[in-house]
Amino acid sequence: MRVTGLLVLLCLNGAEVLSAADMTKVDTLAVIPFETIGDFQNPELFSHGLPDGIACDLALAPNLVVIERMKLSQILSELQLSQTGLVREEDMGRVGQLLGARILIVGTVQTAESFLRIHSRGVDTRTGIVLFSVKHDGRFEQTRHVFDFQDAVSRKILSAMGVSIISEGGEKLQGPPSGSFEAYLKYVNGIRAMDKGDIPDGMEALQKAADLDPRFQRAINIRQRADQMFRELDTEVEKMKKK
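Here is what the cut-offs are and how they apply
- Residues numbered from 1 in each chain as written.
- Predicted model: local features only at pLDDT ≥ 70, side-chain atom pairs only at ≥ 80, totals over all residues.
- Heavy atoms only, no water.
- Axes fitted to C-alpha atoms, helices over the stretch in contact; angles between N-to-C directions.
- Helix = DSSP H or I, 4+ residues; strand = E, 2+ residues; numbered from the N terminus.
- Parallel < 35°, antiparallel > 145°, perpendicular 65-115°, else oblique.
- Contact = heavy atoms within 4.5 Å.
- Nonpolar A, V, L, I, M, F, W, Y, C, P; charged D, E, K, R; others polar.
- pLDDT = per-residue confidence, 0-100.
- Expected span 1.5 Å × (residues − 1).
- Buried < 20%, exposed > 50% of the residue type's maximum accessible area, 1.4 Å probe, protein only.
- Core = buried A, V, L, I, M, F, W, Y, C linked by side-chain atoms within 4.5 Å.
- Salt bridge = Lys/Arg side-chain N within 4 Å of Asp/Glu carboxyl O.
- Phe/Tyr/Trp six-rings, centres within 6.5 Å; stacked < 30°, edge-to-face > 60°.

(A) Focus on the packing of helix α3 (residues 69-79) against helix α6 (residues 181-195). Where α3 contacts α6, the two axes come as close as 7 Å, and the packing angle between them is 45 degrees. On the basis of the axis angle, α3 is oblique to α6. Packed against α3, whose contacting residues are Arg69, Met70, Ser73, Leu76 and Ser77, the element α6 presents Ile191, Met194 and Asp195 at the interface. Of the residues belonging to the contact of α3 with α6, the class tally is 4 nonpolar, 2 polar and 2 charged.

(B) Region of interest: the confidence of the model for the protein chain. Looking at the protein chain, the pLDDT average stands at 81 and 80% of residues meet or exceed 70. The low-confidence segment residues 1-6 (pLDDT under 50) makes 12 contacts with residues lying over four places distant or belonging to another chain. Across residues 12-24, confidence stays below pLDDT 50; counting only partners more than four residues off in sequence or on other chains, it has 28 contacts.

(C) Geometry of α6. Helix length check: α6 (15 residues) gives 21 Å between terminal C-alpha atoms against 21 Å at 1.5 Å per residue, within 8%. The complete set of buried residues in α6 reads Phe181, Ala183, Tyr184, Tyr187, Val188, Gly190, Ile191, Ala193, Met194 and Asp195. Residue Gly197 follows α6 closely and has a positive phi angle near 85 degrees.

(D) Examining the nonpolar core more closely. One finds Leu29, Phe46, Leu58, Ile157 and Tyr187 to be the most contacted residues of the largest nonpolar core, which totals 49 residues. Other than its neighbours up to four places away in sequence, Leu29 contacts Leu58, Leu64, Val65, Val66, Ile67, Ala101, Ile103, Ile105 and Met161.

(E) Quick look at the pattern of salt bridges. Considering all chains together, one arrives at 12 salt bridges under this definition. Notably, a salt bridge pairs Arg218 with Asp52, separated by 2.8 Å at the nearest N-O pair. Of the two residues, Arg218 is situated in helix α8 (residues 217-242) and Asp52 in helix α2 (residues 44-58); the sequence distance between them amounts to 166 residues. Among the ionic pairs, Asp195 bridges to Arg69, the shortest N-O distance being 2.9 Å. You can see Asp195 sitting in helix α6 and its partner Arg69 sitting in helix α3, a full 126 residues away along the chain. Arg69 sits in the buried class, given a relative accessible area of 8%. Each of the salt bridges in this network shares a partner with another, and the network as a whole consists of Asp27, Arg102, Asp124 and Arg126.

(F) Representation of the packing of aromatic side chains within the structure. Following the criterion strictly, the structure yields 8 aromatic pairs and no others. Aromatic side chains Phe46 and Phe140 sit 5.1 Å apart centroid to centroid with 75 degrees between the ring planes, which places their arrangement in the edge-to-face category. Taken together, the residues span a long stretch of sequence, with Phe46 in helix α2 and Phe140 in the loop between β6 (130-139) and α5 (146-161) at a distance of 94 residues. The exposure class assigned to Phe46 is buried, which follows from its relative accessible area of 2%. For Phe140, a relative accessible area of 18% gives the class buried.

What follows is the structure, given as structure tokens:
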């Protein structure tokens, strides 16, 4: 299975997915954790939940290939970059090479009282050149509003990149991946733990998310993908022991 198909599978949440069979120009990208600045009640919603949702939105574009979540967690964990949520400029080329991504989408989220500003940039990992930059400001009064900000930033990034996911049914982005916000929080904590290399806590949080919402397909898919990756790793380790 190609990476683009796998990511759409991991992100699938009932949205219409367009075929990528007719792609002529393809950009491969990764959306890494955002930096949070200010006093957040749930900073993980913006450091990890927001970019994860944006990645799933961008994966719907037929000419974008987005690096799958577990591969991103693996690289961030190995390079110990997820503690701050930042990739330094001097590390972008290396991270891009390890991920196989031409573009890294980075971002900062600032808050002051009930006001929120999101600034996201797309950086060419080969040259370090900023390819595009988008901003979105707004009032943030309820934690569930994170999905509104996700939708707005995703649309601005798609517009800045000159790509579209418009189909006969109109433009559809992912939106809330679960009907249970408690389940979504568990999911976000799970992927954050995975990024830090805390696999047991990450797997446990993803399982709790699935338990709270048995229809939370993204949490279920990533939990299954993690299981698969670790089974494959165990198999490789056993093969090496027998040599």
